[in-house]
Protein chains: 2
Amino acid sequence: MTEHSDLTRNQSLVLGALEKAEGPLSAYTILDKLRDDGLRAPLQVYRALDKLLDMGLAHRLESLNAFVACAHPHCHNTGLIAFAICETCGQVSEFSDDVVRQRLDAWAKAEGFRPTRTTMEIRGQCRKCAA
Amino acid sequence: MTEHSDLTRNQSLVLGALEKAEGPLSAYTILDKLRDDGLRAPLQVYRALDKLLDMGLAHRLESLNAFVACAHPHCHNTGLIAFAICETCGQVSEFSDDVVRQRLDAWAKAEGFRPTRTTMEIRGQCRKCAA
DNA sequence: GTATCGAACGTTACATCATAACATATCTAT
DNA sequence: ATAGATATGTTATGATGTAACGTTCGATAC
Ligand SMILES: [Zn+2]
Ligand SMILES: [Zn+2]
Ligand SMILES: [Zn+2]
Ligand SMILES: [Zn+2]
């Protein structure tokens, strides 16, 4: 468990819930887990998530409408991040590949496209679940 | 405009709406465009979309909760597809890169991960809008 | 200290996206 | 004709996300 000293109470609660979880959580699932801590409305969760995403402490999985704590919260890997999502057990692996980043950068440059953020999600089965 | 001879009426209508559109459309926007053709309920659109996605004639943009007609409906590029989405004008470019596909395959093989489908979406500004 | 400003918070109501469940219709092959 | 599979139509509901409002809190300036 990481420190989060500079986080607000709600941000801390939300990040804590994500870190404690086995896999990705929807905003409403997070809310349910934090009712006992005083959270009552979706916006409280969404606002905290927005900040956590900005800070790189959490990520949004677009193909699941769900969120995970960053697996590498200390090394702020600013480059492109990829996620492998097991559809059986829900486990998420976060990784990055420099060659992939370079290829996408090259495509963007050739097209004159200015990327702001990129999402990359591989759905499938992890080693355990494929066995 | 492509032929779609083997499509059902609803599938044909939905694909037509996507092809006519400048950019990605949400399911409900498609529904609104097809009210005059007799469509009344979201499920009619979602069911048609499911088939079109299966056939590779349309794609879902996860980061937008929206859909586009395939830009290459004839060459069924079975490999990984990437999308560049302009956040200013909404234009979507569909492309693929063999090196990227190979790198992801290599990662998956090394991890023992069995991919079923991959989404890759670059958000940013197209050349025109960046000028 | 207290005035001021901006960020975070709390709450209600609402908007948007997607599916469950069930009844009909249509198409295809025997 | 009949049986099975696929597509359709309809209602209701679930799941996800935001607008708009006012309040509270914490830092800086005077
Ligand atoms: Zn991360
Ligand atoms: Zn698994
Ligand atoms: Zn395509
Ligand atoms: Zn543009």
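Everything numeric here is computed off the predicted structure, so don't read it as measured data.

1. Digging into the domain arrangement of chain A
Think of interface size as the accessible area that goes away when the parts come together; that is how it is often given. Residue and element names in this part refer to chain A. Assigned domains within chain A: domain 1 (9–69) and domain 2 (75–130). Distance between the C-alpha centres of domain 1 and domain 2: 21 Å. The interface of domain 1 with domain 2 comprises twelve residues on the first partner and ten residues on the second. Where domain 1 abuts domain 2, roughly 830 Å² becomes buried across the two surfaces, and 58% of that area is made up of carbon and sulfur atoms. Looking only at domain 1, the three residues that lose the most surface to domain 2 are His59, Leu61 and Ser63, adding up to 45% of its buried area. The tally of links between domain 1 and domain 2 comes to zero salt bridges. Inspection of the domain 1/domain 2 interface yields four residue pairs in polar contact (both at pLDDT 80 or more). Every element with two or more residues in the side of domain 1 that touches domain 2 is listed here: strand S1 (58–61) and strand S2 (66–69). Considering every element that reaches the side of domain 1 that touches domain 2, the biggest residue donor is S1, with three residues. The class makeup of the residues in the side of domain 1 that touches domain 2 is seven nonpolar, three polar and two charged.

2. Some points on the coordination of the zinc ion (ligand 4)
Residue and element names in this part refer to chain B. Coordination of the zinc ion (ligand 4) by the protein involves Cys86 (SG), Cys89 (SG), Cys126 (SG) and Cys129 (SG), with metal-donor separations of 2.2 to 2.3 Å. Around the zinc ion (ligand 4), the four donor atoms are arranged such that angles at the metal cover 105 to 114°; this shape is classified as tetrahedral. One chain supplies every donor for the zinc ion (ligand 4), spaced along it as C-x2-C-x36-C-x2-C. Among the residues examined, Cys126 registers a relative accessible area of 8% and is labelled buried. Taking relative accessible area as the criterion, Cys129 reaches 23% and is therefore assigned partly exposed.

3. A short note on the packing of aromatic side chains
On inspection of all chains with the given rule, the structure shows four aromatic pairs over all chains. A centroid spacing of 3.9 Å and a plane angle of 10° characterise the contact between Phe95(A) and Trp107(B), whose relative ring orientation is stacked. With Phe95(A) in strand S4 (residues 92–95) and Trp107(B) in helix H4 (residues 98–111), this residue pair bridges two chains. Each member of the pair Phe95(A) and Trp107(B) is classed as buried. Pairing Trp107(B) with Phe113(B) gives two aromatic rings, centres 6.2 Å apart and planes at 55°, and the pair type is tilted.

The rules behind the values
Residues numbered from 1 in each chain as written. Chains lettered and ligands numbered in written order. Predicted model: local features only at pLDDT ≥ 70, side-chain atom pairs only at ≥ 80, totals over all residues. Heavy atoms only, no water. Domains from an automatic or database assignment. Contact = heavy atoms within 4.5 Å. Buried area = accessible area lost by both parts, 1.4 Å probe. Salt bridge = Lys/Arg side-chain N within 4 Å of Asp/Glu carboxyl O. Polar contact = N/O pair within 3.5 Å; in protein donor to acceptor, adjacent residues only side chain to side chain. Helix = DSSP H or I, 4+ residues; strand = E, 2+ residues; numbered from the N terminus. Nonpolar A, V, L, I, M, F, W, Y, C, P; charged D, E, K, R; others polar. Donors = N, O, S within 2.8 Å, 3.2 Å for Na, K, Ca; no water. Tetrahedral: all angles 85-135°; square planar, octahedral: opposite > 155°, others 65-115°. Buried < 20%, exposed > 50% of the residue type's maximum accessible area, 1.4 Å probe, protein only. Phe/Tyr/Trp six-rings, centres within 6.5 Å; stacked < 30°, edge-to-face > 60°.

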